[in-house]
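Chain and residue survey
Each chain, letter by letter, is given below.
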Amino acid sequence: MRHGSIAGAHGRVRPLTLLGDAALREPCRDVTDFGPELADLVEDLFATMYAAQGVGLAANQIGVPLRVFVYDCPDDEDVRHLGHVVNPRLVEADGIVLRGPEGCLSLPGLEAGTERYDHAVVEGRTVTGEPVTVHGTGFFARCLQHECDHLEGRVYADRVEGWRRRRLLRQISRAPWSG
């Protein structure tokens with residue numbers, strides 16, 4: 001028997017913000033109110049992430065310019081990491097740089113080989129304002145870096161270089177959702 005609520009069970013699925021929307025290119029604001037509206041936002045983020053079958057989602061991906069993201073992501077050992085971070089700061093990204101496939105719910109149907117560190121540490125707050133530190137390795141480290149990038153107004157396509165970038169830009173221009 002489960003104790004407590006299932007993440008996203010009380011949230012509503014919101015429309016995703018797609019590449020081309022200015023909301024994805026603006027750095028997000030710090031959260032200052034840790035009240036019920038923030039708790040509702042976190043629930044909506046989980047509900048939207050699960051509906052879109054993602055492993056992470058930042059608030060600006062549903063059009064809310066606040067520094068919040070959620071995740072339900074495995075690491076390379078298939079250990080599940082589930083949580084959220086409010087006002088996250090990427091305080092460590094180190095180790096080996098690996099190029100791996102990376103996609104994004106705001107660029108649906110596309111992915112590209114993107115370089116990321118295999119270790120990351122994010123510090124921030126919980127929905128109730130308590131300090132939290134999240135350590136990630138492997139794929140989960142990639143997820144943490146990806147979501148922190150979103151809150152700074154960047155998408156993974158900004159990190160892709162060379163022929164991979166040219167190919168991705170062509171795919172974006174042909175995507176049915178591209179304006």
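Notes on the structure in this doc start here. The structure presented is a predicted model; accordingly, all values stated were derived computationally and were not measured. Residue numbers here run from 1 along each chain, matching the order of that chain's written sequence. pLDDT decides what is reported in this predicted model: residues at 70 or higher carry local features, side-chain atom pairs at 80 or more are listed and counted, and totals for whole chains, interfaces and linings draw on all residues regardless. With hydrogens and water excluded, all non-hydrogen atoms of the structure serve as input to the side-chain values.

**Some details on the environment of Thr 32**
Strands are runs of DSSP state E lasting at least two residues, helices are runs of H or I lasting at least four, and both sets are numbered from the N terminus onward. Mapped onto the secondary structure, Thr 32 falls in the segment before helix H1 (36–51). The exposed category is assigned to Thr 32, whose relative accessible area is 74%. Taking the C-alpha atoms as reference points, Thr 32 and Arg 167, separated by 135 residues in sequence, lie 40 Å from one another. Each residue is assigned to one of three classes by its accessible area relative to the maximum for its type, calculated with a 1.4 Å probe on protein chains only: buried under 20%, partly exposed between the two thresholds, exposed over 50%.

**Points about the pattern of salt bridges**
Throughout this description, the term salt bridge denotes a Lys or Arg side-chain nitrogen within 4 Å of a carboxyl oxygen of Asp or Glu. Overall, the coordinates contain 13 salt bridges when judged by the stated rule. Here Asp 44 and Arg 14 are joined by a salt bridge, their closest N and O atoms 2.8 Å apart. Placement of Asp 44 in helix H1 and of Arg 14 in the segment before H1 is noted, with a sequence separation of 30 residues between them. Here Asp 149 and Arg 159 are joined by a salt bridge, their closest N and O atoms 2.6 Å apart. Residue Asp 149 is found in helix H2 (residues 138–151), and its partner Arg 159 is found in the loop between H2 and helix H3 (162–174); the two are separated by 10 residues along the sequence. According to the relative accessible area criterion, Asp 149 is buried, its value standing at 3%.

**Let's talk about the sheet that holds strand S3 (residues 80–103)**
Should DSSP find at least two bridges between two strands, the strands are taken to pair. Taken in spatial order, the 5 strands of this open sheet run S1-S2-S3-S4-S5, and their pairing is antiparallel. Two strands bound the open sheet, and with one partner strand each, they are strand S1 (56–58) and strand S5 (131–137). Along the sheet, successive strands turn relative to each other by an average axial angle of 30 degrees, direction set aside. Sheet analysis places S3 next to strand S4 (residues 111–125), joined by 13 bridges and oriented antiparallel. Each residue of the ladder has a partner; that of Ala 93, found in S4, is Ala 120. Across the face of the sheet, H1 comes into contact with S1, strand S2 (68–74) and S3 while running at roughly 40 degrees to S2. Inter-axis angles, ranging from 0 to 180 degrees, are taken between N-to-C directions of lines fitted to C-alpha atoms, where helices are fitted over the stretch in contact. Whether two residues are in contact is decided by their heavy atoms: any pair within 4.5 Å suffices.

**Comments concerning the pairing of S5**
When S4 meets S5, the two strands line up antiparallel, connected through 7 bridges. By the bridge assignment for S5, Val 121 is matched with His 135. Where S4 hands over to S5, the hairpin turn is made up of 5 residues, of which Gly 129 adopts a positive phi near 95 degrees.

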